[in-house]
Amino acid sequence: MLAGNIEATIISPPLDLTAKKQGFNILVNIAELGIPYPQQGIETTDRVIRESPHLVKTFLKGYIEGVYYAAKFKDLTKKIIIKYLKTTDPEILEATVQSYIQVTDYTAYPNLEGIRNAMDEVALRVPAVKNKKPEDFVNTRFLKELEKEGFFKSLSK
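Residues numbered from 1 in each chain as written. Predicted model: local features only at pLDDT ≥ 70, side-chain atom pairs only at ≥ 80, totals over all residues. Heavy atoms only, no water.

## With respect to the overall build of the protein
- Secondary structure assignment for the protein yields nine helices and zero strands.
- When the helices and strands of the protein are read in sequence order from the N terminus, they spell out α-α-α-α-α-α-α-α-α.
- If one aligns the C-alpha atoms of the protein with their principal axes, the spans along those axes are about 50 × 45 × 25 Å.
- Counting across all 157 residues of the protein, residues that qualify as buried make up 24%.
- Look at the contacts in the protein between residues 6 or more apart in sequence, and 61% of them connect residues 24 or more apart.
- Summing over all exposed atoms, the protein offers an accessible surface of approximately 11,600 Å²; the carbon and sulfur share of this is 56%.
- A distance of 6 Å separates the average location of the 22 positive side-chain charges in the protein from that of its 20 negative side-chain charges. (Helix = DSSP H or I, 4+ residues; strand = E, 2+ residues; numbered from the N terminus. Buried < 20%, exposed > 50% of the residue type's maximum accessible area, 1.4 Å probe, protein only. Contact = heavy atoms within 4.5 Å. Areas by Shrake-Rupley, 256 points an atom, 1.4 Å probe, with all protein chains shown as cover. Lys, Arg positive; Asp, Glu negative; His and termini not counted. Charge placed at Lys NZ, Arg CZ, Asp CG, Glu CD.)

## Details of a nonpolar patch on the surface
- A cluster of nonpolar side chains, I10, L27, V28, I30, L33 and I35, forms an exposed patch at the surface whose accessible area comes to about 660 Å².
- With respect to the secondary-structure elements, V28 resides in the loop between α1 (15–21) and α2 (30–33).
- A residue is classified by how much of its surface remains accessible, and V28, at 47% relative accessible area, is partly exposed. (Patch = residues over 30% accessible without salt bridge, like charges linked within 9 Å, V, L, I, M, F, W, Y side chains within 5 Å. Salt bridge = Lys/Arg side-chain N within 4 Å of Asp/Glu carboxyl O.)

## Remarks on the packing of aromatic side chains
- Evaluation of the coordinates by the stated rule reveals four aromatic pairs.
- Ring geometry for F59 versus Y63: centroids 6.2 Å apart, planes at 20 degrees, classification stacked. Taken as a pair, F59 and Y63 lie in helix α4 (residues 53–72) at a separation of four residues, close to a single helical turn.
- The partly exposed category is assigned to F59, whose relative accessible area is 46%.
- Residues F151 and F152 carry aromatic rings whose centres are separated by 5.7 Å and whose planes lie at 75 degrees to one another, so their mutual orientation is edge-to-face. Both residues of the pair, F151 and F152, belong to the buried class. (Phe/Tyr/Trp six-rings, centres within 6.5 Å; stacked < 30°, edge-to-face > 60°.)

## What about the environment of T104?
- Relative to the elements of secondary structure, T104 occurs in the loop between α6 (90–103) and α7 (112–123).
- Spatially, the C-alpha atom of T104 lies 7.8 Å from that of Q40, the residues being 64 residues apart in sequence.
- Once you skip the residues sitting within four places of it in the chain, T104 turns out to touch Q40 and V67.
- A distance of 2.4 Å separates the side chain of T104 from the backbone oxygen of Y100, its partner in a polar contact. (Polar contact = N/O pair within 3.5 Å; in protein donor to acceptor, adjacent residues only side chain to side chain.)

## Some thoughts on the nonpolar core
- Counting residues in each nonpolar core, the largest one holds 11 residues, listed as I49, V56, L60, I64, Y68, F142, L143, L146, F151, F152 and L155.
- Listed by contribution, the elements that provide at least two residues to this core are α4, α8 (141–148) and α9 (151–155).
- It is α4 that provides the largest number of residues to this core, a total of four residues.
- If near-sequence neighbours (up to four positions away) are discounted, L146 is found in contact with K57, L60, K61, I64, F151 and F152. (Core = buried A, V, L, I, M, F, W, Y, C linked by side-chain atoms within 4.5 Å.)

These results come straight from atomic positions and should not be treated as a statement about function.
Structure (structure tokens):
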């Protein structure tokens, strides 16, 4: 856009703030539209699930704890962002954390409507996807186990 080769693009925080500082207008904040779309997908194979269920469950626990940590300890999260994004701009840090909090689903369950929306996009290029259901790509076994064990309740304390 700076070179004048394109008129518009989709960007996410913190690049949207950078674009604003460069004089560009934000036409729409997609997150504010509330359109379901998968934001944080975790993928593995049936083989890994079958052969290493403990690994899958342990990974999910760590991942979900990280999601809760980021929202609960904003100042420490900003320090981590500083380390990896190499920025200390307070506006960028705040925008990044707020965006993360806004789009994160703390239930950790996949949003089937969001997956359907993504599949509809893919179906434009891969027609076979039209015959699939979101449930064909989702396995919530471990999330259900964690919920039954009280894992999510322990995080909200």
